[in-house]
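One-letter residues, chain by chain:
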Amino acid sequence: MIVMKYMTESPSERLKKAREQYAGRENLDNPYSNTVIREESIDYEAWTKFISYYRYYIDEFAMDILGINLFPFQRVILRAMSRYQSEMLIACRGLGKSWIVAVYYICVSILYTNIKLGIASGNSKQARNVIIQKIKGELSKKEAVAREINFPIKTGQDDCVCELKSGSEIRAITLDQNRGGDGARSWRFNMILVDEARLVKDNIIEEILIPMTKTKREMAIRWGMSEKGKVIFISSAYLKTSPLYKRFMYHYESMIKGNKDYMAICFPYQVGVQAGLFDKEDIEKELEKPQMTKDKFAYEFEGVFVGSSGESYYPYELTNPCRVLERCELQQPKKSNCIYVVTHDVAVSDEKGSDNSCTHVIKLKPRPNGTYVKELVYTKTVNGMKLNAQRDFLRELIHIRFPNTVKLLIDTNGAGAGLPSMFYEPWEYVDPKTGEITEYPPIVSDDEKDITLLENALPLIRNVHGLNGFINLYYPYMKSCFEDMSLELLIPSAELDSLYKSGGISHEEFFQHMEHDILQSELSNIKQDFTDKNNMTYTRIVSGKKRDRATSLMYGLSFVCELETNNKKKMYRANENYKDAPICASSISF
């Protein structure tokens, strides 16, 4: 037995039960397996010093008593956790954040009797994984740990708990964030772990989780002990616009001012490399992946909170509130009455570092004032796709997947100059399920001279020439769409990571959210500048960083601006106030 505890049974009764039920020390499932068979008087003063020492140096308890091997950085984390009331641990992906907290919880559960320890996260599975994977799957395999656990460990969705023979318990709770976390209000814990804290809403932390820790242990009340609740936040870093950053800075500033209640600590991937957990080259290869941006690498692997440069025309503070769409659309919903705009920025080179072709689908929902809610529901980028393949992809997109498309905008500068003419002939689609062939008519641009070019042709194409004059008009319009939050992007992929890993959404759906992560990063790299002749221009803060997604989006919004202008004209004509109607930039030609 590692820790003495108060019992309602007399020593003789407990000893009798132990002898009757005890089938050998190897029977760890027996609740009396940690009972001392031969009782002797102990030195209570020495025992008190023993417990007090290991409570203060809890990392040594894990190593000396439980036989858990720890790296130096893990010892630092454990020791800090035992000494502060509120801890903020920011660490890179794969560094074992959840595992080290599970070790801490096991140690605390043994060293403090009848303590209640809670785990919460943005979704129930993330919280349960600490118990399922880290405690049941790993730590309980060690005999010294297993001897302290009352098996079986429950892993149900509504009842996930590890009970210990000291009377302590470690429990994962479900936070229904869509309902404000109300279902978790009744729980009370002495400590609470907020796993992947960046995914948990700030109001739930303040109103639900932190108040859970205000109740003392029964023993602390009985003996008048000074004991405060503890909150532990663990997460990878994120954006400086997030509530997590504000909470981290509060912890950090309190800590450096000497406040002993707060601790903030960051561990980048280099710590894992030094410990032998990672291979440096493998981590740095993450930067070469097409969906990895420098910003994302910084907050996921370097433990750095990311924010836009002060020069940014579309800073994260502007775009982040617009990331509200929970689901993409791989095709338009059945019976949809909404119209769609497809926009395509052309690129054909497959050389390393070359531009990508980028396609967006914008769903338009009308508003009473003649404008639209503009939902960016689909994005696809491809490197090195030939023009005929781009034509076929766009044909399928507008005819099969989004048949309510009213306009296809194509960048006809440079490589895109020859693409519109490739739509001048009929196109056949073969249904892969039935083999049925459907023929679609030619498509031409909506210029007057092209509309009569081919009989029965659809004037769907809008040729876009993205020169400075055009850009100087529509970058400000795009900014206004972010400012009034009429432009909506998909929520960050980080918020769906657990859902994706559990099979809740497909790879293609998850990939859409990653595309918008990169789009947001591209936008943050755009700045407004002036040439030597005092002409306005929009350049990149980091010159080597692409902006294919941002450019394509701007092209599509140029047509939406035109639609909104026409709607307002009709409304003002109806009200006989047309002459006072504001004119959108799209009414100006070049």
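Reading the values: rules and limits
- Each chain carries its own residue numbering, running from 1 in the direction its sequence is written.
- Restriction of local features to residues with pLDDT of at least 70 applies here, the model being predicted, together with a cutoff of 80 or more for giving and counting side-chain atom pairs; totals for whole chains, interfaces and linings are based on all residues.
- Remark: hydrogens and water are excluded; side-chain values derive from all non-hydrogen atoms of the structure.
- Secondary structure elements are defined from DSSP: runs of H or I of at least 4 residues count as helices, runs of E of at least 2 residues count as strands, and each element is numbered from the N terminus.
- Throughout this description, buried means an accessible area under 20% of the type-specific maximum (1.4 Å probe, protein chains only), exposed means over 50%, and partly exposed covers the range between.
- Should DSSP find at least two bridges between two strands, the strands are regarded as paired.
- Only the stretch in contact is used when fitting a helix axis, every axis being a line fitted to C-alpha atoms; angles between N-to-C directions are given from 0 to 180 degrees.
- Aromatic pairing here means that ring centres of Phe, Tyr or Trp (its six-membered ring) are within 6.5 Å. Orientation follows from the plane angle: under 30 degrees is stacked, over 60 is edge-to-face, and everything else is tilted.
- For a Lys NZ or an Arg CZ to count as sitting over a ring, it must be within 6 Å of the ring centre and within 35 degrees of the ring normal.

K.L.:
Even after reading the chapter, I still don't get unusual backbone geometry, so can you show me in this structure?
P.N.:
Phi is mostly negative for residues that are not glycine, and the peptide bonds are mostly trans. Across the junction of F151 and P152, the peptide omega takes the value 0°, indicating a cis bond. Here P152 shows up in strand β3 (residues 149-155). A positive phi angle is found at K335, which is not glycine, with a value near 65°. Along the polypeptide, K335 turns up in the loop between β9 (323-325) and β10 (339-345). Note on K335: relative accessible area 79%, which makes it exposed.

K.L.:
I'm lost on the sheet that holds strand β7 (residues 230-235) in this one. Help?
P.N.:
Backbone hydrogen bonds are what pair the strands of a sheet, in a parallel or an antiparallel way. A sheet is described by the order of its strands in space; here eight strands give the open sequence β3-β4-β5-β2-β6-β7-β1-β8, paired in mixed fashion. Taken across any chain shown, the strands that pair with only one partner, and hence form the sheet edges, are β3 and β8 (262-267). On average, each strand axis in the sheet is tilted by 10° relative to the strand beside it, whichever way the strands run. Bridge count between β3 and strand β4 (residues 160-164): four bridges; the pairing is antiparallel. Opposite T155, over in β4, you have C160 as the bridge partner.

K.L.:
Even after reading the chapter, I still don't get the packing of aromatic side chains, so can you show me in this structure?
P.N.:
Each aromatic ring pair is described using two quantities: the centre-to-centre distance and the angle formed by the ring planes. Tallied over the entire structure, the rule returns 29 aromatic pairs. On the basis of an interplanar angle of 50° and a centroid distance of 6.2 Å, the ring pair of Y378 and F402 is categorised as tilted. Taken together, the positions of Y378 in strand β12 (residues 372-382) and F402 in the loop between α15 (387-401) and β13 (405-411) put the pair 24 residues apart, joining distant regions of the chain. In terms of burial, Y378 and F402 fall into one category: buried. Taking the ring centre of Y57 as reference, the NZ or CZ of R83 above it sits at 5.1 Å. One residue, K479, lies across the ring of Y313, its end atom 4.1 Å from the ring centre.

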